[in-house]
Amino acid sequence: MADKEPESVKSPLWNVSEHTRSNANWQTYTTACQTISPILHDLDEPAECTETDLLLPKKRPKGGRFSGSTDQRVLSHAGASTESIWSMALQILVPFFLAGLGTVSAGILLDVVQNWGVFLEITELFILIPAILGMKGNLEMTLASRLSTAANAGKLELPNEKWMLIAGNLALKQLQATVLGLLASLLAVLLGWFAEGQTSVNHLILLCSTSVSTAFVASLLQGVIMVALILCSKCLGINPDNVATPMAASFGDLITLALLACFSQWFYSFMEINPFVLYLMDLSYLCLIPLWVIISSKHPETHILLRTGWQPIIAALAISSIGGVILDKSVSNPNLAGIVIYAPVINGIGGNLVSIQASRISTNLHLNHTPGEVPEGQRLCVNPCRTFFGTGTNQRSAQVLLLFVIPGQLIFFYIIQLIKGGSALPSPLFTAAYLFAALIQVILLLYLADCLVHCLWRRNKDPDTESIPYLTAVGDVLGTALLSLAFVLLWCISDGHGL
């Protein structure tokens, strides 16, 4: 009876018969069971977090234990995140340069279309442009940041989970583009009415149709390209955080602005003849909303964003519209008319750089900290030196991004001059003022990104969804305001010949 196995320690892992088990063997067996039980318990705990769980789980295994293929991939990516400064810079360089060419092209295009009949007749389009470009950029960059984090966290390994996540995010993006395109047009009409004191129903209908059509088509086209880019980056072993967000805006501004100009001129051409076509077009976009809601609600992550992801992008839309008012007033002033060609460049480059930083900080928090837990040095982000000076991952990336500002803006600045075909180069004073405005903008944005991302994480909110819209919107206002200030100061000291 002394050798009888107690019921409390029976385990299916050990198939040992009663008549062959001696006292010594029994002691060894009991010790082995007691040793392996907590290990089995720890291995079973993370099973609650499956591949279909949210990107921001409420609980996460601590103590450095990872289980399952997903957590092993997280560990490997966390180790790989300590990339060298040169590797980081090389990965950012090509997308940054392509993004800069895209913003330069958008600036040249805006300089051309500002003289079209529809832009001369309906000046509210200049208020709509920063809002629609900022909204498009916010949707693209938040999608890129979410999918980059998911790729780094191993969420895109299982085919079924991967395509459910991608379909849900694309459907959510189309829904947001439709709703925000409508809101952007209404806001442009409202701000135009405040500024001019008058508006018309025809202007309202044309702005609504133009805004929604541009947002819908641009969002669908660029969303598919973004998904393909992230999947290719993952296959090639490139960190999507370094590539996805700048490539999201590489030729996004150019495509969006070209669509806006073409749609507005097309709708303007037959608005007086058959305006009911515009009504039917707007109605068709609204009828697709239930479809996008159904698809996006299929995945848990996008289902949460369907209910909670609206506040930052709507707030960012309102903030970007302030930049639109500044641009509208600047364009209407003959002394500041040259600002229109530079505004997309300074705003686009600043938004690209801060989006890279925000995406990298967010990925680092996802991989190394639980929601609500931030690094010790980031509990109170009041000292800007913590953002730019140090040897940490975030400080090194901020330093690299700052190094891109002056040479990058200088290259794009002179590309604009070459494309314009002017024989006289801008004055050194104007060049210095432009570069100083761009540098101040990026410094403020990187510091704000450091504070905002950690603040959102501390409040258990996903920075991938909430930080980038605010940062890019503030970047639009800062860039347009600083650029306008530079033009005003140069005009006041009679340097207008260098503009």
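Worth saying up front: this structure is predicted, and the values here are computed from it rather than measured.

With respect to the overall build of the chain
Within the chain one finds 18 helices and zero strands. Out of the 499 residues in the chain, the part that is buried amounts to 52%. For the chain, contacts bridging at least 24 residues in sequence account for 82% of all contacts bridging at least 6. Accessible area of the chain: about 21,900 Å², with a carbon and sulfur share of 68%.

Some words on the side chain of Thr472
The residue Thr472 is located in helix H18 (residues 463-492) in this model. At 2.9 Å, the side chain of Thr472 forms a polar contact with the backbone oxygen of Ile468. In terms of polar contacts, Thr472 uses its side chain to reach the backbone carbonyl oxygen of Pro469, at 3.2 Å. Those residues within four positions of Thr472 in sequence are excluded, and the remaining contacts are Asn138, Met141, Gly351 and Ser355.

Overview of the packing of helix H7 (residues 201-236) against helix H10 (residues 276-287)
Two elements in contact, H7 and H10, have axes whose closest approach is 10 Å; the angle formed by their N-to-C orientations is 40°. As the angle between them shows, H7 and H10 are arranged oblique. Viewed along their axes, H7 and H10 form a crossing whose handedness is left-handed. Contacts between H7 and H10 pair Ile205, Leu206, Cys208, Ser209, Val212, Ser213 and Phe216 from the former with Leu278, Tyr279, Met281, Asp282 and Tyr285 from the latter. Among the residues forming the contact of H7 with H10, the class breakdown is nine nonpolar, two polar and one charged.

Quick word on unusual backbone geometry
One can expect most non-glycine residues to show negative phi and most peptide bonds to be in trans. Residue Asn460 is not a glycine yet carries a positive backbone phi of 65°. Its location among the elements puts Asn460 in the loop between helix H17 (428-458) and H18.

Considerations on a nonpolar patch on the surface
On the surface, a cluster of nonpolar side chains totalling about 290 Å² of accessible area is made up of Leu90, Leu93 and Val94. For Leu90, the location among the structural elements is in helix H3 (residues 85-113). Under the relative-accessibility criterion, Leu90 is labelled exposed at 59%.

Some details on empty space enclosed by the protein
One pass over the full model with this rule turns up three cavities of 30 Å³ or more. Looking at the largest cavity, its volume works out to about 280 Å³. Counting only elements with at least two residues in the lining of the largest cavity, the list comes to H3, helix H5 (124-152), helix H14 (339-368) and H18. No other element matches H5, which puts eight residues into the lining of the largest cavity.

Details of the pattern of salt bridges
It is possible for side chains of opposite charge to pair when their charged atoms get near one another. Inspection of the entire model under this criterion finds two salt bridges. Asp253 is paired through a salt bridge with Lys136; the nearest N and O atoms lie 3.2 Å apart. One end of the pair, Asp253, is in helix H9 (residues 252-270); the other, Lys136, is in helix H5, with 117 residues separating them in the sequence. Comparing Asp253 with Lys136 shows no difference in burial state: the two are buried. With its nearest N and O atoms 2.6 Å apart, the salt bridge here joins Glu140 to Lys173. Here Glu140 is found in helix H5, whereas its partner Lys173 is found in helix H6 (residues 159-196), with 33 residues between them in sequence. According to the relative accessible area criterion, Glu140 is buried, its value standing at 1%. For Lys173, a relative accessible area of 2% gives the class buried.

Rules of the game
Residues numbered from 1 in each chain as written. Predicted model: local features only at pLDDT ≥ 70, side-chain atom pairs only at ≥ 80, totals over all residues. Heavy atoms only, no water. Helix = DSSP H or I, 4+ residues; strand = E, 2+ residues; numbered from the N terminus. Buried < 20%, exposed > 50% of the residue type's maximum accessible area, 1.4 Å probe, protein only. Contact = heavy atoms within 4.5 Å. Areas by Shrake-Rupley, 256 points an atom, 1.4 Å probe, with all protein chains shown as cover. Polar contact = N/O pair within 3.5 Å; in protein donor to acceptor, adjacent residues only side chain to side chain. Axes fitted to C-alpha atoms, helices over the stretch in contact; angles between N-to-C directions. Parallel < 35°, antiparallel > 145°, perpendicular 65-115°, else oblique. Left-handed = near helix turned anticlockwise from the far one by under 90°. Nonpolar A, V, L, I, M, F, W, Y, C, P; charged D, E, K, R; others polar. Patch = residues over 30% accessible without salt bridge, like charges linked within 9 Å, V, L, I, M, F, W, Y side chains within 5 Å. Salt bridge = Lys/Arg side-chain N within 4 Å of Asp/Glu carboxyl O. 1 Å grid on protein atoms, 1.4 Å probe; cavity = no way out; pocket = protein on both sides within 12 Å on 5 of 7 lines; lining within 4 Å. Points joined across faces, edges and corners; volume = space filled by probe spheres on them.

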